[in-house]
Amino acid sequence: MYEIREMLPDDLPAVTALWRARVRWAEYRGIGLIRYCPLTAAEEAAAQPFALTCDGAVVATATIVDQTPHVGWPAREAAQRAVGLVRIVTDPALAADRLSWVITSWASDRAAHTGHAWVRMRVAPSQLARHLSEHLAWEPVRTVRTADGGTAHLLQHEAREIPGIRALVQDAHAMSGTLPAQSAPDRSHPFTTA
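Here the structure is a predicted model, which is why all the values come from computation and not from measurement. (Residues numbered from 1 in each chain as written. Predicted model: local features only at pLDDT ≥ 70, side-chain atom pairs only at ≥ 80, totals over all residues. Heavy atoms only, no water.)

Asker: It is not clear to me how the overall build of the protein should be interpreted in this structure. Could you clarify?
Answerer: Across its full length, the protein holds six helices and eight strands. Listing each helix as α and each strand as β along the protein from the N terminus yields β-α-β-β-α-β-α-β-α-β-β-α-β-α. Looking at the protein residue by residue over its 194 residues, the buried ones come to 43%. The contacts of the protein with a sequence gap of at least 6 include a subset with a gap of at least 24, amounting to 67%. With the model as given, the accessible surface of the protein reaches about 10,000 Å², and the carbon-plus-sulfur share is 55%. (Helix = DSSP H or I, 4+ residues; strand = E, 2+ residues; numbered from the N terminus. Buried < 20%, exposed > 50% of the residue type's maximum accessible area, 1.4 Å probe, protein only. Contact = heavy atoms within 4.5 Å. Areas by Shrake-Rupley, 256 points an atom, 1.4 Å probe, with all protein chains shown as cover.)

Structure representation (structure tokens):
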């Protein structure tokens, strides 16, 4: 069973090693540059980095942003209840475990529980956008120009309850008992147990 929890400062060595392994993997396959280590997202006030662990080892990371990323989403779409999922990094040695599917399913389930309609993502490498669409049911929305003259692909995934993911991924909040099962959602945090 996996456990997902907030990323901690003590995770820095493991997360950095995981990110470097993924960068090497991506560069070898010509997929494109992964520019930022996952912990850099924690510097943004609305960002919440998470670590997915198995037997205590960090095997994947993801960061949730409690809003639709602004660039490339018109006002009508930006007004919809959505969260951003950024900086997914998975252990390339565990490809058979489909950790990106685990993260996507967990994020979709948690977003649905907090009243969001969409989980949204922005990625630069075309190969990654194609993989997310073909294998993880991310819906391509559009391709936009970035400030540095490159391109980015905007994707979205419908937020929906996936009860089976709760059998596979134990949420640290549920394990700690810090949040009652029937408490009202805390809208100041993108993912709280409802």
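Asker: How should I be thinking about the side chain of Thr 146 in this particular structure?
Answerer: In this structure, Thr 146 sits in the loop between strand E6 (139–145) and strand E7 (151–158). Residue classification places Thr 146 among the buried positions, given a relative accessible area of 17%. One polar contact links Thr 146 to Asp 148, side chain to side chain, over a distance of 2.4 Å. (Polar contact = N/O pair within 3.5 Å; in protein donor to acceptor, adjacent residues only side chain to side chain.)

Asker: I keep staring at the sheet that holds strand E5 (residues 118–123) and nothing clicks. Help me out?
Answerer: Strand pairing within a sheet occurs via backbone hydrogen bonds; the two strands may be parallel or antiparallel. Reading across from one edge, E6-E7-E5-E4-E3-E2-E1-E8 is the order of the eight strands in this open sheet, with mixed pairing throughout. Of all the strands in the sheet, just E6 and strand E8 (169–171) have a single pairing partner and so form its edges. Averaged over all pairs of adjacent strands, the angle between strand axes in this sheet comes to 30°, irrespective of strand direction. Sheet strands touched by helix H1 (residues 12–29): strand E3 (57–65) and strand E4 (82–90). Its angle to E3, the strand with the most contacts, is close to 90°. (Pairing = 2+ DSSP bridges. Axes fitted to C-alpha atoms, helices over the stretch in contact; angles between N-to-C directions.)

Asker: How do you make sense of the pattern of salt bridges when you look at a structure like this?
Answerer: Side chains bearing opposite charge may pair, as long as their charged atoms lie close to each other. Enumeration according to the criterion identifies six salt bridges in this entry. A salt bridge links Glu 77 to Arg 76; the nearest nitrogen and oxygen atoms lie 3.9 Å apart. Residue Glu 77 is classed as buried on the basis of its relative accessible area of 9%. For the salt bridge of Glu 77 with Arg 142, the shortest nitrogen-to-oxygen distance reads 2.9 Å. Of this pair, Glu 77 sits in helix H2 (residues 75–78) while Arg 142 is found in strand E6, placing the two residues 65 residues apart along the sequence. A relative accessible area of 29% places Arg 142 in the partly exposed class. Connected via shared salt-bridge partners are Arg 76, Glu 77 and Arg 142. (Salt bridge = Lys/Arg side-chain N within 4 Å of Asp/Glu carboxyl O.)

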